[in-house]
Amino acid sequence: MVKDDKINNKKGCEVHGQAKRGVNWTLGSLILMGLVLIAWHVLVYHRQSILISFVKELWSLLVDRQGILMELKEVFVYFLIGIIIAGYIRTYKFHIRLRKLLIRYKFSSIFLAAFIGVFSPLCSCGILTTVVALLASGLSLAPAMALLISSPLMSPTTFFLTLNDLGLHWAIVRTLVAFLMGLLAGVVTLAVERLGFETANLFIDGGIPEGDFHDPDYPDQRLRCTCNEKMSNRIARKTKNKLIIFMAKTTEMFWLIGKYVLVGIAIGCIVERYIPHAYIQRLFGSGGKLSVIWVTVGSIPIFLHQISASSILFHIKSSLPGTMDNSAALAFLIGGPVTAIPAMTLLWSMFKKRVFVLYMGISILGTIFFAYTFGHLLFIPHVDTNSPILAKVTAVAGGVSAIISKSSESVRVAADPDQKPIIAWYEDLEGGSGIVFDASWSRFRNGSLHLEGNQQYIRNIARWLRQTAAHPENNRILIYNTYVDHGLDNGSFQDGLQAILTEGGEFQVAFAVRKELPRLDRSVLNGFGQLWILSGQAGRCYFSRQEIEDICAFRDSGGSLLIVAGPQSGPYEDWTVAANQVAERYGVRFAKAARFQQEIPISFFAHFGDKISYSLVSYFSWLKQVRG
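Owing to the predicted nature of the structure, the values given are computational and were not obtained by experimental measurement.

(A) Just the overall build of the chain, in detail. A count of helical and extended segments in the chain gives 24 helices and 9 strands. When each of the 628 residues of the chain is scored for burial, the buried share is 56%. Once local pairs closer than 6 in sequence are excluded, the contacts in the chain between residues at least 24 apart make up 79%. Total accessible area on the chain stands at roughly 27600 Å², and carbon and sulfur atoms take up 61% of it.

Below you can see the structure in the form of structure tokens.
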């Protein structure tokens, strides 16, 4: 018997061991597919010196400003906070204490199970054995199904990583959807039970044998667990010091969770670089009515862990020419984690097929339902909810506008009504100053500044540019209008912008017009931390080559930029010329003309959770400063 125990311990837990091997094989397969994709790219585009080109691609993928190491640096603080919270939960076994409450209640246990699943640090593989134990202890199938579906979708670590990758709005929505998916699973299971769904015999081999899963003599090898051999549990048996146990469990989870973070970032970088953007646009670009269904069905055979999903989605979002289809993105965050292949294999092998079908049906249909519903109820289709320049903005002025096209991966489209980008921002991952691009000066004219959302939008621009500017005078703004003799004079902008930006003494503003200041050079820019260029001249108005160099040097030395254009309705009514001379240096071009409604909606509930949002943003900004 001792020999059998040693063999079993060496082999590992049948449940956790199989799941772990399945997970590692799947992660390895994803990495292998990524390497194959890179090799294919090299063969197509670098037919000479294939081996050298392949090594260069790998090195670039690792160290570039949007490479794996830079992404790991950005996400590390959020990852660390998440595993510390998860380690604390495991040390004091809060999730185990809550699970015990499930046995006591009936219908209300569905709500409790969904709640526990959201805050449990267990994924789909880990929660399955817990559910089996609860079912063996007398828990009904409805709350067990709620726990089984909600747990793979959210955890403390997942929340903070989503916060970093996609923003607070997405972190809250993802948590809410995870909870509601659990409720839906429990309620649907309870309904089918009342319609005659048999719950007396759920397992393929009949009932679960009595005894402790952790006993090496437990008769069912599939459930026999050797988790006691884990480092943190061995330490816990030798000491009662909670701090030591906490450190052991947190350290243990560092790799357990960290490998998903690493693989998620790597796959995200590979997707952004090497998957043809046309394919991604069809699935995740705005406008595809069936995108949710394709993403949901397509995510079933892919092992998409909850930890990896937000990072991959961040890179998908970065590769799009416009904003992301929020419904398809939500389907991606739900559908993949809830149908993880290792857990599905174990579920298929242990439970009767009717339980498996019920689980898959709830997972797939629930994903489609919540993706479509929440994608339209909680998001504006043409808005990037994580854009710092649109925070707390309900609507902005519309009217006639140019259209933005981007050619740089650092450019993020913030708003593209009717799939026509009109607002974008440039985020330099190497820490350079920010740039905002707006395709219409109508949002800055006095006639539109009575809109509260418009005022907030302008303040957001100034505050974000101040935050990203390394210039010591980052609260001093020079607003430069290219008007000479045919266009918009300073009176069209000055009064309204002056009142908004100088309110409370937050910013100091100076105005200059090209008619009176025909040369914008370094001597003019000295003493300012922000330069706002309003392309207020129709027709042929050009910056000189030296002026362009001086403007770029201003930005390189820590100053930040706002570049505002107008419509391009003809050779003599082209308001984009001066703006494009600067914008094209940073991967943006203004062109053409489009007409929009007078007010463009940005958020349904811009003021919802403002205090929480600003507290979290301030806290994590402080953490990044400490880390830096």
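(B) Structural view of the sheet that holds strand β8 (residues 560–564). In spatial order, the strands read β2-β3-β4-β8-β7-β5-β6; together these 7 strands make up an open sheet with mixed pairing. The sheet terminates laterally at β2 (411–415) and β6 (508–513), the two strands that pair on one side only. Averaged over all pairs of adjacent strands, the angle between strand axes in this sheet comes to 15 degrees, irrespective of strand direction. Across the sheet, helix α20 (residues 494–502) touches β5 (476–481), β6 and β7 (530–534), and the angle it forms with β6 is around 160 degrees.

(C) Layout of helix α22 (residues 545–556). Look at α22: 16 Å from first C-alpha to last across 12 residues, which is about the 16 Å you get at 1.5 Å a residue. The inward-facing, buried residues of α22 abut β3 (423–426), β4 (435–438), α21 (522–525), β7, β8 and α23 (577–583).

(D) Up close: the packing of aromatic side chains. If you walk through the whole model with that rule in mind, you get 10 aromatic pairs. Aromatic pair W425 and W464: ring centres 5.6 Å apart, planes at 90 degrees, arrangement edge-to-face. Remark: W464 occurs in helix α19 (residues 452–468) and W425 occurs in strand β3; sequence separation between them is 39 residues. W425 gets classed as buried once you look at its relative accessible area, which sits at 5%. Overall, the relative accessible area of 8% leaves W464 in the buried class.

(E) Representation of helix α14 (residues 291–298) in the model. For α14, the set of buried residues is S291, V292, V295 and T296. All buried residues of α14 lie within an arc of 125 degrees about the axis, which places them on one face of the element.

(F) Up close: the nonpolar core. Counting 73 residues, the largest nonpolar core has I389, F437, F444, Y457, L531, W532 and F590 as the members making the most contacts within it. At 6 residues, the largest contribution of residues to this core is made by α19. What Y457 contacts, discounting residues up to four positions off in sequence, is I389, L390, V393, V396, I423, D438, R443 and F444. Of all hydrophobic cores here, the second largest spans 63 residues; its members include L135, L320, A328 and M344.

(G) A look at the packing of helix α10 (residues 168–194) against helix α16 (residues 326–338). For the pair α10 and α16, interaxial distance at closest approach is 11 Å and the crossing angle is 50 degrees. What the angle tells us is that α10 and α16 run oblique. Handedness of the crossing formed by α10 with α16: right-handed. Together, W170, V173, R174, V177 and M181 of α10 and N326, A329, L330, L333, I334 and P337 of α16 make up the contact between the two elements. In terms of residue class, the contact of α10 with α16 is made up of 9 nonpolar, 1 polar and 1 charged.

(H) View of a nonpolar patch on the surface. Among the surface-exposed residues, I31, L32, L35 and V36 lie close enough to one another that they form a single nonpolar patch of about 340 Å² accessible area. Within the element layout of this structure, L32 appears in helix α2 (residues 14–45). Overall, the relative accessible area of 53% leaves L32 in the exposed class.

(I) Region of interest: the pairing of β3. In β3, alternate side chains face the same way, and those of I423 and W425 on one face and A424 and Y426 on the other are all buried. Relative to β4, β3 runs antiparallel, the two sharing 4 bridges. Directly across from Y426, in β4, lies its bridge partner I435.

(J) Fine view of the pattern of salt bridges. For the structure on display, the rule yields 10 salt bridges. K317 is the salt-bridge partner of D384, the closest N and O atoms lying 2.9 Å from each other. Of this pair, D384 sits in the loop between α18 (353–377) and β1 (395–406) while K317 is found in helix α15 (residues 306–319), placing the two residues 67 residues apart along the sequence. In this structure K317 comes out as buried when scored by relative accessible area, which is 13%. One salt-bridge network, in which partners are shared between bridges, spans R463, R466 and E506.

About the cut-offs
- Residues numbered from 1 in each chain as written.
- Predicted model: local features only at pLDDT ≥ 70, side-chain atom pairs only at ≥ 80, totals over all residues.
- Heavy atoms only, no water.
- Helix = DSSP H or I, 4+ residues; strand = E, 2+ residues; numbered from the N terminus.
- Buried < 20%, exposed > 50% of the residue type's maximum accessible area, 1.4 Å probe, protein only.
- Contact = heavy atoms within 4.5 Å.
- Areas by Shrake-Rupley, 256 points an atom, 1.4 Å probe, with all protein chains shown as cover.
- Pairing = 2+ DSSP bridges.
- Axes fitted to C-alpha atoms, helices over the stretch in contact; angles between N-to-C directions.
- Expected span 1.5 Å × (residues − 1).
- Phe/Tyr/Trp six-rings, centres within 6.5 Å; stacked < 30°, edge-to-face > 60°.
- Arc of directions from axis to C-beta.
- Core = buried A, V, L, I, M, F, W, Y, C linked by side-chain atoms within 4.5 Å.
- Parallel < 35°, antiparallel > 145°, perpendicular 65-115°, else oblique.
- Left-handed = near helix turned anticlockwise from the far one by under 90°.
- Nonpolar A, V, L, I, M, F, W, Y, C, P; charged D, E, K, R; others polar.
- Patch = residues over 30% accessible without salt bridge, like charges linked within 9 Å, V, L, I, M, F, W, Y side chains within 5 Å.
- Salt bridge = Lys/Arg side-chain N within 4 Å of Asp/Glu carboxyl O.

Purely geometric stuff here, so don't read any function into it on its own.
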